[in-house]
Amino acid sequence: MAKSMLITGGARSGKSTFAEAQVLALGQPAVYIATAEAHDAEMAQRIALHQSRRGPEWRTLNAPYDLCAALRESDGDAPRLVDCLTIWLSNLMLAERDWASEAEALAETVAAQAAPVVLVTNEVGAGIVPENALARAYRDAAGLLNQRMAAVCDELWLVVSGYPLKVKPQ
Amino acid sequence: MAKSMLITGGARSGKSTFAEAQVLALGQPAVYIATAEAHDAEMAQRIALHQSRRGPEWRTLNAPYDLCAALRESDGDAPRLVDCLTIWLSNLMLAERDWASEAEALAETVAAQAAPVVLVTNEVGAGIVPENALARAYRDAAGLLNQRMAAVCDELWLVVSGYPLKVKPQ
Amino acid sequence: MAKSMLITGGARSGKSTFAEAQVLALGQPAVYIATAEAHDAEMAQRIALHQSRRGPEWRTLNAPYDLCAALRESDGDAPRLVDCLTIWLSNLMLAERDWASEAEALAETVAAQAAPVVLVTNEVGAGIVPENALARAYRDAAGLLNQRMAAVCDELWLVVSGYPLKVKPQ
C-alpha cells in the first residue's frame, strides 16, 4: 500500500500548506483533488486564494461528490492531495446523499490506492454544541468520518498554528 | 491512590471508545457511570448507541447529578468509567446547582478513590466565543472543570480522530 | 534574539496561568501587557479575575490597539507577557483597522525584541463554521495571525486542560 496521510486542524491552522509540502515531497508533478464548489463570492475567493498558492507542478481535478472515482482515475505514479474531506461531507449532506456509506467506500478506496494520497480535513467538534440540528448532525458526521479515515491512513497529523503534531503512528 | 485518567477531545473524536478500552485493560467486569439523561429522542438515540457498543462485561450506574456518591458506592475492585463530565456539568447548570463546589468535591472524591477511575470529558472551548451568555458561562465552566480534574488525575489524554496524544505526564 | 513563545489553547484551558509561570521563570519583575478593555460587566469581571491572580512582581501596561509600541517601549531587561492576541485582533477588527498589516508589523516587532516576550492567543477555529459572516472573518483572521506569530516565535505550546504540549520546536 502506498503512503497515506490524514491531516487535521482548525480553520486557517495551516493544514493545506503543510499538506501541499508533504505531497510535493512524495513526488512531482502532483494531483490536487478539489472538493469545494464556488457557490458564492466568499467561497470563490477562498478557492482562488488556495489556487494562487499552488504552482505549475499541480494538476487539478474537481470532485465535489465522486471522490472515490477521482482517486481511482488518478491512481498512477503521482501523489494526490484531497482538500478537503469536510467540504466533501457537507456537499454530500446538502445533496441528501448517504454520507456514511460514501465514507466507508472512501476508506476502502484509500486503503486500495497504489499511489500516495494525502487527505486534508477539519476539526469542527471542539466548540459549543450547536443549537442547529443540522449543524449537530454535520459535526457528528465529520468526527466519525475523521475517525474512519484516520484508521486506514498510515499517518495522522494535527496542525496547530502552522506546525504539525504527529498523532499516528507514535 | 488508584490509577486515574482524564480523557478529552472534540465531539465524535473517539474518546469513549478509547476510554472503554483503557478501563477494560484495568480490570473486568467494569462499571460504567452514565451522566446523560434521555430528555429527547436525539439524546435517547445517542445513549442507545453508546450502550450497544458496550458488552456484558459492563455494569451500568446512572449518575446525572450525584457523581461523587456513585464513585464512593462503586469503589471496590472494579475500574469505573465516567462518561461524561461535560454532560454532568450541563445537568448541574440547568438545575442551577453550584457547579463549582460540586467540581471541587468531585476532584477530592476522585483523588480519594481506591479503585481506578477513567473520566471522559469534552473540548468545548476551541470555537468562536458564543453569542449566548449561558453558552459562554458553560464553556468557561467546562474549561475550569477540565483543568481541575486534570490536576488530580495521573494521566491526561487528548483524543484526535480516534488516536490518543498523551498530555500528562510527559 | 531574546526568547519568544506563543501559547495557544481553548477558552479556560489554563493558557494564562502557564504563560505567567513561563514569564516569571524568565525574570522578575515582569511586564504584563493587557489587550482587553472593560466594555461591559462580564469583561470587567474577567479582567479583575486575571489581575487578582497576578502579584506585585508584575507591572501592567494597557495596549488594546498599539501593541507594537508597548513592546518597543517595554523592551528593557524584563520579560513581557502579552495577554492576549485574539482580543487585540477583535479590538482592531471592531475599529475597522487593517488587522493584516498590524499583524505583520507585530511579527516584525516581536522578532526584533531584545527582552523576552510570551504571547497568549486562543484557538477559535475548531468548532462549526459560524453562520455570522463577521465571526467567519474573525475566525480566519485569528488563524492567520496565530500562524504568522508562531512562525517568528522560538516556541509554540498548545495548552490542554492546564497541561502544555510543545508543538515547536520538536
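Residues numbered from 1 in each chain as written. Chains lettered and ligands numbered in written order. Predicted model: local features only at pLDDT ≥ 70, side-chain atom pairs only at ≥ 80, totals over all residues. Heavy atoms only, no water.

- The name an unreviewed UniProt entry gives chain A is Bifunctional adenosylcobalamin biosynthesis protein, with Allosediminivita pacifica as the organism.
- Quoted verbatim from the Function (unreviewed entry) field of the UniProt record, the comment on chain A reads "Catalyzes ATP-dependent phosphorylation of adenosylcobinamide and addition of GMP to adenosylcobinamide phosphate."
- Listed in UniProt under the heading Sequence similarities (unreviewed entry), the comment for chain A reads: "Belongs to the CobU/CobP family." (UniProt positions renumbered as here; feature names shortened; annotations may be inferred.)

What to know about the overall build of chain A
- The secondary structure content of chain A amounts to six helices and seven strands.
- Counted from the first residue to the last, chain A has its helices and strands arranged as β-α-β-α-β-α-β-α-α-β-α-β-β.
- Referenced to the eigenvectors of the C-alpha coordinate spread, the extents of chain A come out at roughly 45 × 35 × 30 Å.
- Burial analysis of chain A (170 residues in total) assigns 56% to the buried set.
- Within chain A, contacts between residues at least 6 apart in sequence are counted, and of these 76% link residues at least 24 apart.
- Summing over all exposed atoms, chain A offers an accessible surface of approximately 7000 Å²; the carbon and sulfur share of this is 53%.
- Distance between charge centroids for chain A: 5 Å, based on 15 positive and 20 negative side chains. (Helix = DSSP H or I, 4+ residues; strand = E, 2+ residues; numbered from the N terminus. Buried < 20%, exposed > 50% of the residue type's maximum accessible area, 1.4 Å probe, protein only. Contact = heavy atoms within 4.5 Å. Areas by Shrake-Rupley, 256 points an atom, 1.4 Å probe, with all protein chains shown as cover. Lys, Arg positive; Asp, Glu negative; His and termini not counted. Charge placed at Lys NZ, Arg CZ, Asp CG, Glu CD.)

Details of the UniProt feature "active site" (unreviewed entry) in chain A
- In the numbering adopted here, UniProt assigns the feature "active site" (unreviewed entry) to His 50 of chain A.
- Take His 50 of chain A: its relative accessible area is 15%, and that puts it in the buried class.

Comments concerning empty space enclosed by the protein
- Tallying each qualifying case throughout the model produces four cavities of 30 Å³ or more.
- The volume enclosed by the largest cavity comes to roughly 320 Å³.
- Forming the walls of the largest cavity are 21 residues, and the residues nearest its centre are Ala 126 and Leu 158 of chain A, Ala 126 and Leu 158 of chain B together with Ala 126 of chain C.
- Residue assignment for the lining of the largest cavity shows that the elements contributing at least two residues are strand 6 (155–160) of chain A, strand 6 (155–160) of chain B together with strand 6 (155–160) of chain C. (1 Å grid on protein atoms, 1.4 Å probe; cavity = no way out; pocket = protein on both sides within 12 Å on 5 of 7 lines; lining within 4 Å. Points joined across faces, edges and corners; volume = space filled by probe spheres on them.)

Points about the UniProt feature "binding site: GTP" (unreviewed entry) in chain A
- UniProt's feature table lists "binding site: GTP" (unreviewed entry) at Gly 9, Gly 10, Ala 11, Arg 12, Ser 13, Gly 14, Lys 15, Ser 16, Ala 34, Thr 35, Ala 36 and Asp 83 of chain A, given in the numbering used throughout. Filtering the just-named annotated residues for those lining the largest cavity gives Gly 9 and Gly 10 of chain A.
- Among all residues touching Gly 10 of chain A, those that are not within four sequence positions of it are Lys 15, Asn 122, Glu 123 and Val 159 of chain A together with Gly 125 and Ala 126 of chain C.
- If you trace the backbone, Ala 11 of chain A turns up in the loop between strand 1 (4–9) and helix 1 (15–26).
- According to the relative accessible area criterion, Ala 11 of chain A is buried, its value standing at 10%.

Side note on the sheet that holds strand 6 of chain C
All names here are of chain C.
- If you walk across this open sheet you meet the seven strands as 3-2-4-5-1-6-7, and the pairing is mixed. The open sheet has two edge strands with one neighbour each: strand 3 (58–62) and strand 7 (163–168). Taking each pair of neighbouring strands and ignoring which way they run, the sheet shows an average axis angle of 20°.
- Here strand 2 (residues 30–34) pairs with strand 4 (residues 80–83) via four bridges, running parallel. Across the sheet, the residue bridging to Tyr 32 is Leu 81, located in strand 4. (Pairing = 2+ DSSP bridges. Axes fitted to C-alpha atoms, helices over the stretch in contact; angles between N-to-C directions.)

A look at the nonpolar core
- Within the largest apolar cluster, 103 residues are counted, with the highest numbers of intra-cluster contacts made by Leu 85 and Met 149 of chain A, Leu 85 and Met 149 of chain B together with Leu 85 and Met 149 of chain C.
- Setting aside residues up to four positions removed in sequence, Leu 85 of chain C forms contacts with Leu 6, Leu 67, Leu 106, Leu 119, Val 120, Thr 121, Leu 145 and Met 149 of chain C. (Core = buried A, V, L, I, M, F, W, Y, C linked by side-chain atoms within 4.5 Å.)

Notes on the pattern of salt bridges
- Evaluation of the coordinates by the stated rule reveals 21 salt bridges over all chains.
- Note that Asp 66 of chain A is salt-bridged to Arg 97 of chain A, the shortest N-O span being 3.1 Å. One end of the pair, Asp 66 of chain A, is in the loop between strand 3 (58–62) and helix 3 (67–73); the other, Arg 97 of chain A, is in the loop between helix 4 (85–94) and helix 5 (99–111), with 31 residues separating them in the sequence.
- Look at Asp 66 of chain A and you get partly exposed, because its relative accessible area is 45%.
- Taking the relative accessible area as the measure of exposure, Arg 97 of chain A reaches 32% and is therefore partly exposed.
- Between Arg 80 of chain C and Asp 75 of chain C there is a salt bridge, and its shortest N-O distance comes to 3.5 Å. (Salt bridge = Lys/Arg side-chain N within 4 Å of Asp/Glu carboxyl O.)

Quick look at the sheet that holds strand 7 (residues 163–168) of chain B
Residues and elements named next belong to chain B.
- Pairing is mixed in the open sheet, where seven strands are placed in the order 3-2-4-5-1-6-7. Taken across any chain shown, the strands that pair with only one partner, and hence form the sheet edges, are strand 3 (58–62) and strand 7. In this sheet, adjacent strand axes meet at a mean angle of 20° when their direction is disregarded.
- As paired elements, strand 6 and strand 7 share five bridges and run antiparallel to each other. Considered in strand 7, the bridge of Val 159 is made with Pro 164.

Let's talk about the pairing of strand 2 of chain C
Residue and element names in this part refer to chain C.
- Most of strand 2 sits out of view: five of its five residues are buried.
- In strand 2, alternate side chains face the same way, and those of Ala 30, Tyr 32 and Ala 34 on one face and Val 31 and Ile 33 on the other are all buried.
- Pairing of strand 2 with strand 3, which is carried by five bridges, proceeds in the parallel orientation. By the bridge assignment, Ala 34 is partnered in strand 3 with Asn 62.
- Between the parallel pair strand 2 and strand 3, the chain is carried across by helix 2 (residues 41–53), and the sense of this crossover is right-handed. (Right-handed = clockwise from strand over helix to strand, strands pointing away.)

Brief notes about the interface of chain C and chain A
- Each partner contributes residues to the interface: chain C has 23 residues there, and chain A has 23 residues.
- Both sides of the chain C and chain A interface together cover about 1700 Å² of buried area, and 59% of this is carbon and sulfur.
- The largest contributions to the chain C side of the interface with chain A come from Ala 126, Ile 128 and Gln 147 of chain C, which together make up 30% of the buried area.
- Taken together, the connections running from chain C to chain A amount to two salt bridges.
- At the junction of chain C and chain A, the tally comes to seven residue pairs in polar contact (both at pLDDT 80 or more).
- Breaking the side of chain C that touches chain A down by element, the ones donating at least two residues are helix 6 (133–152), strand 6 and strand 7 of chain C.
- Looking at which element gives the most residues to the side of chain C that touches chain A, the answer is helix 6 of chain C, with nine residues.
- Its residues assigned to classes, the side of chain C that touches chain A shows nine nonpolar, seven polar and seven charged. (Buried area = accessible area lost by both parts, 1.4 Å probe. Polar contact = N/O pair within 3.5 Å; in protein donor to acceptor, adjacent residues only side chain to side chain. Nonpolar A, V, L, I, M, F, W, Y, C, P; charged D, E, K, R; others polar.)

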